[in-house]
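# Chains, contacts and geometry: an overview
Here's the letter readout for the chains.
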Amino acid sequence: MTEDASRTDPAAAEESLPVVSQPSTQPEGSADVWGVVLAAGTSTRFEGRNKLLQTVGGQPLVRHAAEPLLAGHLTDVVVVVGHEAARVGEALAAVDVRVAENPDYGEGQSTSVRTGVDVAQRNGADAVLVALGDMPSVSVRTVARLVATYESGEYTALAAAYRGDRGNPVLFDAAHFDALRSLSGDVGGREILLTAAESALVETDDPGVRRDVDSPGDVLDN
């Protein structure tokens, strides 16, 4: 299969993405990368409760999702809320994040991506690092690896990986902001990642990039 053909077939495209463990060139540093945490969903599979407010180690799940980005020396972090926005915002009151409300969250994840990208773009971001609010185990080192790989100047679209399997967070250069803002429905930036010419998976050795919380049994504190 040719490279062009693989980019039009999602399964083949994912298999064809290079997996990198560290930048092959020295990072330039000082990129203006904003963190975006998607935390607007309705937790439809969580037995009527908002999973983002359930606790892990005594702290709300959504706070665990935001803290690695805060510790990763990003320019700023915005958490996009929607369902039970006030309660989710309260759960984040003790951490230094911006909270942006997405009134259209019922139309799918793409609307939260758009909300977060809008905030970053208005503030002159070079790139966004997008994390999911229901992933509490991503390490700070993973965030740092994604940013360092981006700062090498070789890639414009990146996703964290564990043992070669794609996970989250993902990082997109400003060149992809218009495409991210034009997404619709319950999708993130997967298609952009798989079709961008300068995209890669970043091996993190972090199982947390593949671990999300779907049901009450996935939460350590109940």
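To be clear, the structure that these remarks concern was listed above.
Structure report, in brief. (Residues numbered from 1 in each chain as written. Predicted model: local features only at pLDDT ≥ 70, side-chain atom pairs only at ≥ 80, totals over all residues. Heavy atoms only, no water.)

### Remarks on the layout of surface pockets
In this model, the largest pocket occupies a volume close to 1100 Å³. L38, Q109, L132, D134 and D186 are, among the 36 residues lining the largest pocket, the residues nearest its centre. Sorting the residues of the lining of the largest pocket by element identifies β2 (33–39), α5 (109–122), β7 (127–132), β9 (165–173) and α8 (190–195) as the ones contributing at least two each. The leading source of residues in the lining of the largest pocket is β9, at 5 residues. (1 Å grid on protein atoms, 1.4 Å probe; cavity = no way out; pocket = protein on both sides within 12 Å on 5 of 7 lines; lining within 4 Å. Points joined across faces, edges and corners; volume = space filled by probe spheres on them. Helix = DSSP H or I, 4+ residues; strand = E, 2+ residues; numbered from the N terminus.)

### Section: the sheet that holds strand β6 (residues 98–101)
Spatial ordering of the open sheet is given by β1-β10-β8-β9-β7-β2-β5-β6, a layout of 8 strands whose pairing is mixed. Of all the strands in the sheet, just β1 (19–20) and β6 have a single pairing partner and so form its edges. Across 6 bridges, β2 lies against strand β5 (residues 76–81) in parallel orientation. Along β5, the bridge assignment pairs W34 with D76. Sheet strands touched by helix α3 (residues 61–71): β2, β5 and β7. Its angle to β2, the strand with the most contacts, is close to 175°. (Pairing = 2+ DSSP bridges. Contact = heavy atoms within 4.5 Å. Axes fitted to C-alpha atoms, helices over the stretch in contact; angles between N-to-C directions.)

### Some details on empty space enclosed by the protein
The tally for this structure, following the rule as stated, stands at 1 cavity of 30 Å³ or more. Quantified by volume, the largest cavity comes out at close to 40 Å³. Considering the residues around the largest cavity, the lining is formed by A65, L69, A131, L132, M135, V138, N168 and P169. Put simply, the parts of the chain that give the lining of the largest cavity at least two residues each are α3, β7 and β9. By residue class, the composition of the lining of the largest cavity is 7 nonpolar, 1 polar and no charged. (Nonpolar A, V, L, I, M, F, W, Y, C, P; charged D, E, K, R; others polar.)

### Notes on the pattern of salt bridges
Scanning all chains against the criterion turns up 6 salt bridges. Between D205 and R145 there is a salt bridge, with its nearest N and O atoms 3.8 Å apart. Of this pair, D205 sits in the segment after β10 (199–203) while R145 sits in helix α6 (residues 140–151), and the two are 60 residues apart along the sequence. (Salt bridge = Lys/Arg side-chain N within 4 Å of Asp/Glu carboxyl O.)

### Remarks on unusual backbone geometry
A cis geometry characterises the amide bond from N168 onward to P169, with omega recorded as 15°. Inspection of the secondary structure puts P169 in strand β9. Residue R163 is not a glycine yet carries a positive backbone phi of 55°. Tracing the backbone through its elements, the reader meets R163 in the loop between β8 (157–162) and β9. The class of R163 is exposed, set by a relative accessible area of 68%. One non-glycine residue with positive phi stands out, namely D205, at about 55°. (Buried < 20%, exposed > 50% of the residue type's maximum accessible area, 1.4 Å probe, protein only.)

### Structural notes on the environment of V81
Tracing the backbone through its elements, the reader meets V81 in strand β5. According to the relative accessible area criterion, V81 is buried, its value standing at 1%. Along the primary structure V81 and G116 are separated by 35 residues, whereas in three dimensions their C-alpha atoms are 9.9 Å apart. Aside from chain neighbours lying at most four places away, what touches V81 is A39, A40, V88, V99, A100, E101 and N102.

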